[in-house]
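Structural overview for review
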Amino acid sequence: MDPIYGLLKLNDAEREVIDTEPFQRLRRIRQLSSAYLVYPSANHTRFEHSLGAMHLAGVIGEVLLKKGYISSEDVDKLRLAGLLHDVGHGPFSHLYEDVISKKYETNHEELGRRIITETEIADVLKKHGYDPNEIANLSNGLDSKRPFMNAIIAGPLSADLMDYIQRDSYYTGAIYGRVNVMKIINSMHVYNNQLAIEKDAVSAFEGMTIARYEMFKEVYFHKTARAGDVMLRRSIELFDEATGFADPKDLSSYLSLTDDVLVSKILLSESKEAEKSKKLLKDYLARKLIKLVYEESFIGKDAFFEKIFNQQIVRDKLITQIEIMASVPQENVFIDLPTVPSVPKSFDREDLKNILVVTKEGVRELSIRDMPVIESIQGYYNIIRIYASKDYRESVEKAIKAIFGTGYYSKISV
């Protein structure tokens, strides 16, 4: 029973995939990492979201099946792809991915591919007549022959987006996720291998895009939740520097990690090099969070902030300068740079420039410029935040005012 959709029905293949250890692991990975520090009921997991994405992918598939665009077998493949699209996530979801993508040059999509093709999930899929590689490709939105299938799994009209907006809204209590996804789904067509929606559903699409934008502002990028995220990420980075535990080369080791397992590993570590990691994590668990001392947000690409967003060495220089001017010990200043396209990317990870719209006269491309509400938030929603440990908040704030007041920030070079 799902709180969003009610009773979910499963076929034998789906049930057996869900019962595998790699999939059951998702029960112990929070969907929203530290959001529960602000929204106490936001304890839902990747497991629920994956079931929801499966359900909506199937609903979309059934609509397209009735209209003659795909086969019943395609519907089953879409459901499996939706079910498995997040199976590669590590502890605390995107926080862990930030660490492994930077240091080990991989991501949850690639790890998901390996899990689908190299574990017992592959055996289940083969048993029921599916090609694990095909399902892995589709779960990442990489079906090269039928782009519209990709768009159902990843992108601005995807089952993934439609589920997490509704689900995250429900569990946080935010009102932004109450969007009419069924109007969008029932309007879907396929034209020249691309996913299209009817003209009457454009307003619902706009509403969903705005809802996503508001959820990022008010939930995903909430300053207190992000403070927790910053501490967790740094704790994971420091622990990996001390132990190398995050290396995802060993898939079985990676699959043993969940939120609680990772917390236990750090807290129980006897490595002296892991003491800083342990201290950060203990403070996080006790909700002794770092404090926000500076924030700037903007839509689009701002040249003033380009260097700090794009170059780690520039960020490091800024932190060092703040610590020197504030006379605080090293590693008591933190920079957070959450950034996301305000209009979600298309299935091929490119910026969304238009959508196909079905009208009485035929199918035409509707540019983002033709949707004023969406055009107004077109681009990237960027935030720069600087946090400091609680005891050094005032001195760091004074240092930041001095640095920004002299224009030092914009003059940093490498």
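As the structure is a computational prediction, the values presented were derived from the model and not from experiment.

1. Section: helix H16 (residues 275-285)
Because each turn of an α-helix spans 3.6 residues, side chains separated by three or four positions end up pointing in the same direction. Along H16, the residues classified as buried are Ser277, Lys278, Leu280, Leu281, Asp283 and Tyr284. At its buried positions, H16 is contacted by helix H13 (223-243), helix H15 (259-268) and strand S4 (333-336). Residue Arg287 follows H16 closely and has a positive phi angle near 55°.

2. A look at helix H12 (residues 202-220)
Compared with the 27 Å implied by 1.5 Å per residue over 19 residues, the 25 Å span of H12 between its first and last C-alpha is a close match. For H12, the buried fraction is high: 14 of the 19 residues fall into the buried class.

3. Concerning the environment of Thr359
Relative to the elements of secondary structure, Thr359 occurs in strand S6 (residues 354-359). Counting along the chain gives 160 residues from Thr359 to Lys199, while the straight-line C-alpha distance between them is 5.8 Å. In this structure Thr359 touches Lys199 and Arg364, once residues within four positions along its chain are discounted.

4. Overview of the packing of aromatic side chains
Here the structure, examined in full by the defined rule, presents 8 aromatic pairs. Aromatic pair Tyr170 and Tyr171: ring centres 5.1 Å apart, planes at 85°, arrangement edge-to-face. For Tyr170, a relative accessible area of 48% puts it in the partly exposed group. An aromatic cluster is defined as three or more aromatic residues linked by ring pairs; in this entry it consists of Tyr96, Phe239, Phe245 and Tyr254. One residue, Arg27, lies across the ring of Phe47, its end atom 3.9 Å from the ring centre. The cationic tip of Arg30 hangs over the ring face of Tyr36; the distance from NZ or CZ to the ring centre is 3.9 Å.

5. Structural notes on the packing of H13 against H16
Packing of H13 against H16 leaves a shortest axis separation of 8 Å and a crossing angle of 155°. Between H13 and H16, the crossing angle belongs to the class labelled roughly antiparallel. Where H13 crosses over H16, the two elements pack in a sense that is left-handed. Contacts between H13 and H16 involve Gly228, Met231, Leu232, Arg234, Ser235, Leu238 and Phe239 from the first element and Lys276, Ser277, Leu280, Leu281, Asp283 and Tyr284 from the second. Tallied by class, the residues present in the contact of H13 with H16 amount to 7 nonpolar, 3 polar and 3 charged.

So, how was this worked out
Residue positions are given per chain, counted from 1 along the sequence in the order it is written. Only residues with pLDDT of 70 or above have their local features reported here, since the model is predicted, and side-chain atom pairs are shown and tallied only from 80 upward, although totals for entire chains, interfaces and linings are computed over all residues. Here the side-chain values reflect all heavy atoms present in the structure, with hydrogen atoms and water set aside. The buried label goes to any residue with under 20% of its type's maximum accessible area, the exposed label to any with over 50%, and the partly exposed label to all in between, with areas taken from a 1.4 Å probe on protein chains only. Going along the chain from the N terminus, every DSSP run of H or I of four or more residues is numbered as a helix, and every run of E of two or more is numbered as a strand. Working rule for contacts: check all heavy atoms of both residues, and any pair within 4.5 Å makes them a contact. Take the number of residues in a helix, subtract one, and multiply by 1.5 Å to get its expected span. Aromatic pairing here means that ring centres of Phe, Tyr or Trp (its six-membered ring) are within 6.5 Å. Orientation follows from the plane angle: under 30 degrees is stacked, over 60 is edge-to-face, and everything else is tilted. In this scheme, Lys NZ or Arg CZ marks a charge over a ring once it lies within 6 Å of the ring centre and within 35 degrees of the ring normal. Here an axis means a line fitted to C-alpha atoms, over the contact stretch when the element is a helix, while the angle between two N-to-C directions is reported on a 0 to 180 degree scale. Here the angle decides the label: under 35 degrees means roughly parallel, over 145 means roughly antiparallel, 65 to 115 means roughly perpendicular, and every other value means oblique. Should the near helix be turned counterclockwise from the far one by less than a right angle, the crossing is left-handed, whereas a clockwise turn marks it as right-handed. Note that Gly is not counted as nonpolar here; it falls among the polar residues with everything else outside the nonpolar set of Ala, Val, Leu, Ile, Met, Phe, Trp, Tyr, Cys and Pro and the charged set of Asp, Glu, Lys and Arg.

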